[in-house]
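Coordinate analysis (summary)
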Amino acid sequence: MPDREDRSWGGAAFLLAQLGAHATTAFAQRVAELDLTPPQAGLLRMLAQVPGQSQQTYAERLGMPPSRFVTLVDTMEQRGLVERRRGEPDRRAYALYLTDDGQELKRRLDAIGRAHEDDLCAALTTVERATLRELLTRMAQQQNLTAGVHPGYRQRRG
């Protein structure tokens, strides 16, 4: 472990980028075991937290173009993980919900997420993890990032 003065690891911004890229790759490999992509995993998580919103609402929250979002939902609906229901009161809009299979997959995803975090933070004590989370949350808020939404949704890949 480098000491506090060891700058060979780079500054804080570089280390955050390095760890972020590493974490993103490792997470993608883990969720692939469930036959999911990271965007699909994120949508499962969002639908479990706040079910019954319109497709447009979810797409806006994710910062994802509507056409790309519809394709994402179509794929998950074909797999039986997500269902569209006519919205209330606007019957022209569709509200999204997890199916029973989607909820079961979300439980498995939660276990993978816990293991992923444990592996990434293995060098830290419980107190250090809490401190790191507080500091990173403060930085994310200062940068006006959307809580719980990975910026990769705004990119064009699926």
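Quick note: structure is the one above.
First things first, this report covers the structure right here in the doc. Sequence order as written defines the numbering, with residues in each chain counted from 1. Local features in this predicted model are restricted to residues whose pLDDT is 70 or higher, and side-chain atom pairs enter the listing and the counts only when it is 80 or higher, whereas totals over whole chains, interfaces and linings include all residues. Only heavy atoms go into the side-chain values, all of them from the structure, while hydrogens and water stay out.

1. Quick look at the nonpolar core
- To qualify as a nonpolar core, a set must consist of buried Ala, Val, Leu, Ile, Met, Phe, Trp, Tyr and Cys residues joined through side-chain atoms within 4.5 Å. To sort residues, take the accessible area from a 1.4 Å probe on protein chains only and compare it with the maximum for the residue type: under 20% means buried, over 50% means exposed, and anything in between is partly exposed. By size, the foremost hydrophobic cluster in this structure holds 24 residues, and its most contacted members are Leu-36, Leu-43, Leu-44, Leu-47, Phe-69, Val-82 and Leu-96.
- Mapped by element, the contributors of at least two residues to this core are α2 (38-49), α3 (55-62), α4 (66-78), β2 (94-98) and α5 (100-120).
- Runs of E in the DSSP output that reach at least two residues are strands. Runs of H or I that reach at least four are helices, and both are numbered from the N terminus. Counting residues per element, this core draws most heavily on α2, at 5 residues.
- Residues are treated as being in contact if the distance between any of their heavy atoms lies within 4.5 Å. Not counting residues within four places of it along the chain, the set of residues in contact with Phe-69 comprises Leu-43, Gln-55, Tyr-58, Ala-59, Leu-62, Met-64 and Leu-96.

2. Concerning the packing of helix α1 (residues 12-32) against α5
- Here the axes come from fitting lines to C-alpha atoms, over the contacting stretch only for helices, and the angles between their N-to-C directions go from 0 to 180 degrees. α5 packs onto α1 with a crossing angle of 145° between their chain directions and a minimal axis gap of 10 Å. Between α1 and α5 the crossing geometry is right-handed. Where α1 approaches α5, its residues His-22, Ala-23, Ala-26, Phe-27, Arg-30 and Val-31 are matched on the opposing element by Leu-109, Ile-112, Ala-115, His-116, Asp-119 and Leu-120.
- Residues are grouped as follows: nonpolar covers Ala, Val, Leu, Ile, Met, Phe, Trp, Tyr, Cys and Pro; charged covers Asp, Glu, Lys and Arg; every other residue, Gly included, is treated as polar. Considered class by class, the residues forming the contact of α1 with α5 number 8 nonpolar, 2 polar and 2 charged. By convention, the crossing between two helices is left-handed when the near helix turns anticlockwise from the far helix through less than a right angle, and right-handed when the turn is clockwise.

3. Brief notes about α5
- How far a helix is expected to stretch is found by multiplying one less than its residue total by 1.5 Å. Over its 21 residues, α5 extends 30 Å from the first C-alpha to the last, a length consistent with the 30 Å expected when each residue adds 1.5 Å.
- Those residues of α5 not exposed but buried are Gly-102, Leu-105, Lys-106, Leu-109, Ile-112 and His-116. One side of α5 carries all its buried residues, which in axial view fall inside an arc of 125°. Exposed and oriented more than 90 degrees from the buried face of α5 are Asp-100 and Arg-114. Along the arc lie the directions from the helix axis toward the C-beta atoms.

4. Overview of the pattern of salt bridges
- Put simply, a salt bridge is a Lys or Arg side-chain nitrogen that is within 4 Å of an Asp or Glu carboxyl oxygen. Under the defined criterion, the tally for this structure stands at 7 salt bridges.
- When the shortest N-O distance is used, the salt bridge between Arg-84 and Asp-74 registers 2.8 Å. On the criterion of sequence distance, the pair formed by Arg-84 in strand β1 (residues 82-86) and Asp-74 in helix α4 is long-range, its members being 10 residues apart.
- According to the relative accessible area criterion, Arg-84 is buried, its value standing at 18%.
- Since its relative accessible area comes to 28%, Asp-74 is described here as partly exposed.
- When the shortest N-O distance is used, the salt bridge between Arg-84 and Glu-77 registers 2.5 Å.
- Glu-77 gets classed as partly exposed once you look at its relative accessible area, which sits at 33%.
- Through salt bridges with shared partners, one network takes in Asp-74, Glu-77 and Arg-84.

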